[in-house]
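For reference, the chains in residue letters:
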Amino acid sequence: MASRELSEKKGEETTVISSIPSNSGPSETESAEFDTAPPPPPNGILARLRHYEALLDDKLGVEKNGPARILPEDRNPPNQAIMALMWASGTMNLSCFATGFLGWEFGLDLKQSILTVIFGTLLGSMVTGWCATLGPGTGLRQVAITRYSFGWWPSKIIAALNVIEQLGWSSVGSITGGLALSAVSDGKVSLVLGVIIVAVLGLIFSFIGLRAVLWYESWAWATFFVIFMIMYGEAANFADVKTPSVLEGQTLSGTVMTLLAIVYGSSSSWSSIVSDYYVHYPVNTSKTKVFLLTSLGITIPTCISMVIGCCVGSTMGVNTEWANAYDDGLGYLIQTILFPRGFAKFLLVVLVLSGIGTNCIAIYSAALSIQLFARPLQVVPRAFWTLIIFVGIILLGVAGRNHLLAVLQNFLSLLGYWNTAFFVILFTEHYLFRKGNLENYNLEVWNTESKMPIGFAGLIAFLLGIVGCILGMVQTWYVGVIAAMIGETGGDIGNQLAFAFTLISYVPLRYWERARFPGR
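Here the structure is a predicted model, which is why all the values come from computation and not from measurement.

A. Representation of unusual backbone geometry within the structure. In this structure, Pro340 follows Phe339 across a cis peptide bond, with omega equal to -5°. Turning to its location among the elements, Pro340 is positioned in the loop between helix H15 (330-337) and helix H16 (341-373). Phi at Lys435 takes a positive value of approximately 60°, unusual for a residue other than glycine. Residue position: Lys435 is located in the loop between helix H19 (404-433) and helix H20 (456-472).

Shown next, in the form of structure tokens:
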């Protein structure tokens, strides 16, 4: 039956009413317009979880896209300045400040420590900056991009390592924030409770999703920058610039390389998640801009935090008051450095938020990595995995709360090793086998196993890279056989060996794999 239209004019307003056949139900438009009652929850646990996640998205903006590729027409690009600002908020923190103490801990003088920090940070940031360039062009999270070089099954190793890595970062952020809370309360807030409080605050932003994470990270950096400038003004003039290092020859070289590996690992560790935050930028976003903003956005704030840590650390042998305060905890040291005391307590409270910046990034990406580990896990809402990650952070943070420097020394260098092998494989695949052109990636099949590389080349090259890092690593619990040959305490060349072993093996293996399995 043809539809008829009745037009009724009242003043200047015209209302058009469309009638429909009497034997048909209401149209979709009319149903949506008049039926305001929410649909009932579906049956099944997972279906109900996704239903409630959708409701949270409507009310609070909780992200429900999960790890799916963001198509060009569905993107909502943030301000491009966030490419730098979010990393400033995530790295200008107490964790990086504490890392600066390692130069003094290893016996290096202030000049040696600062130069090593700057060079290592820049090198690691450039690795992350390059990985970031793949995000806008593909619309894929970093682990999903990995499938095009590692293959379907080996990429699960990267997803698992990613979860461990982000758990570690979050636990470090929670420990340093907890130390500050404990100090500002004069011990009334226990370190355990402080760790839990910081973890909870990070959970809130990560639970909501990318929108909340980017909002927090785009503003928090300014506050931390002001506080660190105050710390420079009140503490830098106490730095010990006169006492030389007692280390010489190969022992000095080995110690510098060990610190370099730790600092490099701090900045390169973001390479396995960086594209998670770039998927909404337009496809034609300048790669040069992405690289520079990301690299400098990590390098500058990280160096600001670590260099003041180097300066304060250099005083530990000559300033008894500061050394005693440091023995009580990092927060007590900062409280002693800054004055007046009431102002110092206020700054410590604000600095607690710096741990939240790290946690926001780490928790969000860890949850995505779990979903990308296997298809069945993608059915479970991201918010649920966020809660699981939160529990892991609490356990790790509480367990390592009294061993911050040891955690940083071992954890950060371990991150650098595998991220170096990860970067080499992605970089070589992109420029040698994909000709540096994203058109050679079939982005439509990102979640299809049969369209991905077999993974033999990626797996073997990655494992050989790990063998290289084992031979060249220096940890408190193990020194590699090659590293032990450098000086009295060893020199960490794990990243250099991981780079060489991975590159030398991946190229011929990938050529063989492509010849044996054309199109993959």
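Once the structure has been displayed, the description carries forward.
B. Representation of the side chain of Ser174 within the structure. Tracing the sequence through the fold places Ser174 in helix H9 (residues 155-184). Under the relative-accessibility criterion, Ser174 is labelled buried at 0%. With residues up to four places along the chain from it excluded, the contact list for Ser174 reads Gly194, Val195, Val198, Ala199, Asn359 and Ile393.

C. A look at the packing of aromatic side chains. Per the stated rule, a full pass over the model turns up 24 aromatic pairs. Consider the rings of Phe384 and Trp385, whose centres lie 5.3 Å apart with planes at 70°: the pair is edge-to-face. A residue is classified by how much of its surface remains accessible, and Phe384, at 35% relative accessible area, is partly exposed. Connected via pairs of aromatic rings, a cluster forms that spans Trp87, Trp169, Trp270, Tyr277 and Tyr364. Above the plane of the ring of Trp152 lies Arg147, whose end atom (NZ or CZ) is 4.4 Å from the centre. The lysine or arginine in question, Lys156, covers the ring of Phe373, its NZ or CZ lying 5.6 Å from the ring centre.

D. Geometry of the nonpolar core. With 117 residues, the main nonpolar core has Phe97, Tyr277, Val312 and Leu330 as its most contacted residues. Counting 14 residues, the second largest nonpolar core, distinct from the first, contains Ala199, Ala366, Val380 and Trp385.

E. Highlighting the pattern of salt bridges. Using the criterion set out here, one finds 5 salt bridges in the structure. Of the charged contacts in the structure, one is a salt bridge between Glu429 and Arg510, with a shortest N-O distance of 2.8 Å. With Glu429 in helix H19 and Arg510 in helix H21 (residues 494-516), this pair connects stretches of sequence that are 81 residues apart. Just as Glu429 is buried, Arg510 falls in that class too. Three or more residues are tied together by salt bridges with common partners; here these are Glu429, Arg434, Arg510 and Glu513.

F. Structural context of the environment of Leu71. Within the fold, Leu71 resides in the loop between helix H2 (45-60) and helix H3 (82-91). Overall, Leu71 belongs to the partly exposed group, its relative accessible area being 30%. The sequence separation of Leu71 and Val283 amounts to 212 residues, and the corresponding C-alpha distance is 9.4 Å.

G. The arrangement of the packing of helix H8 (residues 142-150) against H9 in detail. At their nearest, the axes of H8 and H9 sit 8 Å apart, and the two run at 145° to each other. Read as a crossing pair, H8 and H9 show a hand that is right-handed. Facing H8, whose interface residues are Val143, Thr146, Arg147 and Phe150, H9 presents Ser155, Ile158, Ala159 and Asn162. A per-class count over the contact of H8 with H9 returns 4 nonpolar, 3 polar and 1 charged.

Cut-offs applied
- Residues numbered from 1 in each chain as written.
- Predicted model: local features only at pLDDT ≥ 70, side-chain atom pairs only at ≥ 80, totals over all residues.
- Heavy atoms only, no water.
- Helix = DSSP H or I, 4+ residues; strand = E, 2+ residues; numbered from the N terminus.
- Buried < 20%, exposed > 50% of the residue type's maximum accessible area, 1.4 Å probe, protein only.
- Contact = heavy atoms within 4.5 Å.
- Phe/Tyr/Trp six-rings, centres within 6.5 Å; stacked < 30°, edge-to-face > 60°.
- Lys NZ or Arg CZ within 6 Å of the ring centre and 35° of its normal.
- Core = buried A, V, L, I, M, F, W, Y, C linked by side-chain atoms within 4.5 Å.
- Salt bridge = Lys/Arg side-chain N within 4 Å of Asp/Glu carboxyl O.
- Axes fitted to C-alpha atoms, helices over the stretch in contact; angles between N-to-C directions.
- Left-handed = near helix turned anticlockwise from the far one by under 90°.
- Nonpolar A, V, L, I, M, F, W, Y, C, P; charged D, E, K, R; others polar.

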